[in-house]
Amino acid sequence: MPLIIPKKYHRKLLPETTEVAIKMVKDTFQTIFARELRLRRVTAPLFLLTGTGLNDNLNGVEEAVSFTIDAMGGRKAEVVHSLAKWKRYKLGAYDIAPGYGLYTDMNAIRTFEDLDNIHSLYVDQWDWEKTIRKEDRTLDYLKKTVRTIYKTLLEVEQTVYEKFPHITPVLPPDITFVHAEELARLYPDKTPRERETIFAREHGAIFIIGIGAPLSDGQPHDGRSPDYDDWISLNEEGYQGLNGDIILWNPVLDIPFEISSMGIRVSPESLREQLKLRECPERSSLTFHRLLLEGKLPYSIGGGIGQSRLCMFLLHKAHIGEVQASIWPEDQIKACADAGIELL
């Protein structure tokens, strides 16, 4: 995505005040979020040993930052992409009961990202995972969880408004659900991104169900790893997918704005099918996959919620660099400065 410079952009908070607001947003969100979903905080790793299958491989083509460990005979480790699989492993290790879960502060480095208003080399998010029963693996349970998260977003947006009354709320009172296949049928001549844009602009906050499975045109709405979200199983509406993305309409940038990727996780059966579909059945021999296929990991639901993205959206910022410290191309720094966008 090319750099977007909004017309007549006026920052609503000075950098010093922004730092205070960032802490307020993060503290408020995770407190409400943990209470509503019944999650407890745990400590997360920054890197994992290569070859365990615990690291999120995203779309399967992105390369993780890696290094060798002298003290362990040169074994290789890699910086996490996210903790999608590690969290589920921990649910089992901590024997967390159904209806309860965990969350953590996840920090990652993604060297392959295009650097623009919403993408950075540095990724920070709340990674969360919750134990569920087998009978909870339904679209209804997924939607109920999405509504809980969205309610939290509304509460934090109101908190920001109460502290800074010139930052007025923009989120609609409810989130709208739509399946990726429905979008494809509504807008058959549009790309997935164009479909998101049209639908998110109209509704303000949407959850697109079924990210990863091939649609009727043979292509998925977007990529998704085969070994954490369940995007192959049929749901109650007759479509494939028990996962999706929360997308908000960003009025500052005038674009759809993904805030969370989440879903009910794969069962042993759907994992086997998704690995086959993505032509990577060899992963079944990795530690995580083997435990799951043997039924030794709990059923779960989980996802990630972008911390910097949330702060950027709620504080009406035009660039993610206004709410996090990272590295940016010199021409991008200059273009932002000329427009009154001060990167940290």
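Model, not experiment: these values are computed from the prediction. (Residues numbered from 1 in each chain as written. Predicted model: local features only at pLDDT ≥ 70, side-chain atom pairs only at ≥ 80, totals over all residues. Heavy atoms only, no water.)

Peer 1: How should the pairing of strand 11 (residues 300–306) be read in this particular structure?
Peer 2: The two faces of the sheet receive side chains in turn, since in a regular strand these alternate between them. Most of strand 11 sits out of view: 7 of its 7 residues are buried. Here strand 11 shows no split at all, with Ser-300, Gly-302, Gly-304 and Gly-306 on one side and Ile-301, Gly-303 and Ile-305 on the other all buried. Alignment of strand 6 (residues 122–131) against strand 11, held across 7 bridges, turns out to be antiparallel. The residue bridging Trp-128 from the neighbouring strand is Gly-303, located in strand 11. Pairing of strand 10 (residues 255–264) with strand 11 involves 5 bridges; the strand directions are antiparallel. Among the inter-strand pairings, Ser-260 is bridged to a residue of strand 11, identified as Ile-305. (Buried < 20%, exposed > 50% of the residue type's maximum accessible area, 1.4 Å probe, protein only. Helix = DSSP H or I, 4+ residues; strand = E, 2+ residues; numbered from the N terminus. Pairing = 2+ DSSP bridges.)

Peer 1: Just checking my understanding: could you explain the nonpolar core for this structure?
Peer 2: Note that soluble globular proteins tend to have their nonpolar side chains buried in a common cluster. Of all hydrophobic cores here, the largest spans 60 residues; its most connected members are Trp-128, Phe-207, Ile-246 and Met-262. At the level of elements, helix 1 (15–37), strand 6, helix 3 (139–163), strand 8 (205–209), strand 9 (243–250), strand 10, strand 11 and helix 8 (307–314) are the ones that each hand at least two residues to this core. Those residues in contact with Ile-246 that lie beyond four places of it in its chain are Val-146, Ile-149, Ile-175, Ile-206, Phe-207, Phe-257, Glu-258, Ile-259, Ser-260 and Met-262. Core analysis: the next-biggest nonpolar cluster, separate from the first, contains 20 residues, Leu-48, Val-123, Phe-288 and Leu-291 among them. (Core = buried A, V, L, I, M, F, W, Y, C linked by side-chain atoms within 4.5 Å. Contact = heavy atoms within 4.5 Å.)

Peer 1: What is the right way to look at helix 6 (residues 268–277) in this model?
Peer 2: Note on helix geometry: an α-helix contains 3.6 residues per turn, so any two residues three or four positions apart are oriented the same way. Within the span of helix 6, buried status applies to Pro-268, Ser-270, Leu-271, Gln-274 and Leu-275. Seen end-on, helix 6 carries its buried residues on one side only, within an arc spanning 160°. Glu-279 sits one or two positions beyond helix 6 and adopts a positive phi of about 60°. (Arc of directions from axis to C-beta.)

Peer 1: Sorry, what's going on with the UniProt feature "domain: Aminoacyl-transfer RNA synthetases class-II family profile" (unreviewed entry) in the protein here?
Peer 2: This chain's UniProt record puts "domain: Aminoacyl-transfer RNA synthetases class-II family profile" (unreviewed entry) on residues 102–329. When the span residues 102–329 is considered, its composition is 30% helix and 23% strand, and the gap between its end C-alpha atoms is 36 Å. (UniProt positions renumbered as here; feature names shortened; annotations may be inferred.)

Peer 1: Quick question: what am I supposed to make of the sheet that holds strand 3 (residues 66–69) here?
Peer 2: Backbone-to-backbone hydrogen bonds pair the strands of a sheet. The strands run either parallel or antiparallel. Taken together, the 3 strands give an open sheet; going across it, the order is 2-4-3, and neighbouring strands pair in antiparallel fashion. The strands lining the two open edges of the sheet, one partner per strand, are strand 2 (47–49) and strand 3. Here the strands of the sheet are splayed against their neighbours by 35° on average, with no regard to which way each runs. Bridge count for strand 3 against strand 4 (residues 75–79) is 4 bridges, and the pairing is antiparallel. The residue of strand 4 that forms the bridge with Ser-66 is Glu-78. (Axes fitted to C-alpha atoms, helices over the stretch in contact; angles between N-to-C directions.)

Peer 1: Explain a nonpolar patch on the surface here, please?
Peer 2: A surface patch of nonpolar side chains, amounting to about 260 Å² of accessible area, comprises Leu-46, Phe-47 and Phe-67. Within the fold, Phe-67 resides in strand 3. (Patch = residues over 30% accessible without salt bridge, like charges linked within 9 Å, V, L, I, M, F, W, Y side chains within 5 Å. Areas by Shrake-Rupley, 256 points an atom, 1.4 Å probe, with all protein chains shown as cover. Salt bridge = Lys/Arg side-chain N within 4 Å of Asp/Glu carboxyl O.)

Peer 1: Which parts of the structure should I look at to understand unusual backbone geometry?
Peer 2: Leave glycine aside and you will find that most residues have negative phi; peptide bonds, for their part, are mostly trans. Of note in this structure, Lys-8 is not a glycine but carries a positive phi near 55°. The class for Lys-8 is exposed, based on a relative accessible area of 77%. The phi angle at Asp-95 is positive, at roughly 50°, despite the residue not being glycine.

Peer 1: Just to check I follow, could you spell out the pairing of strand 8 for this structure?
Peer 2: With respect to burial, strand 8 is a largely interior element, 5 of its 5 residues being buried. The alternating pattern of strand 8 places Ala-205, Phe-207 and Ile-209 and Ile-206 and Ile-208 on opposite faces, both of which are buried. Sheet topology places strand 7 (residues 176–179) next to strand 8; 4 bridges connect them, and they run parallel. Its bridge partner lying in strand 8, Thr-176 is registered against Ile-206. Two strands pair when backbone bridges link them, and strand 8 and strand 9 are joined in this way by 5 bridges, in the antiparallel orientation.

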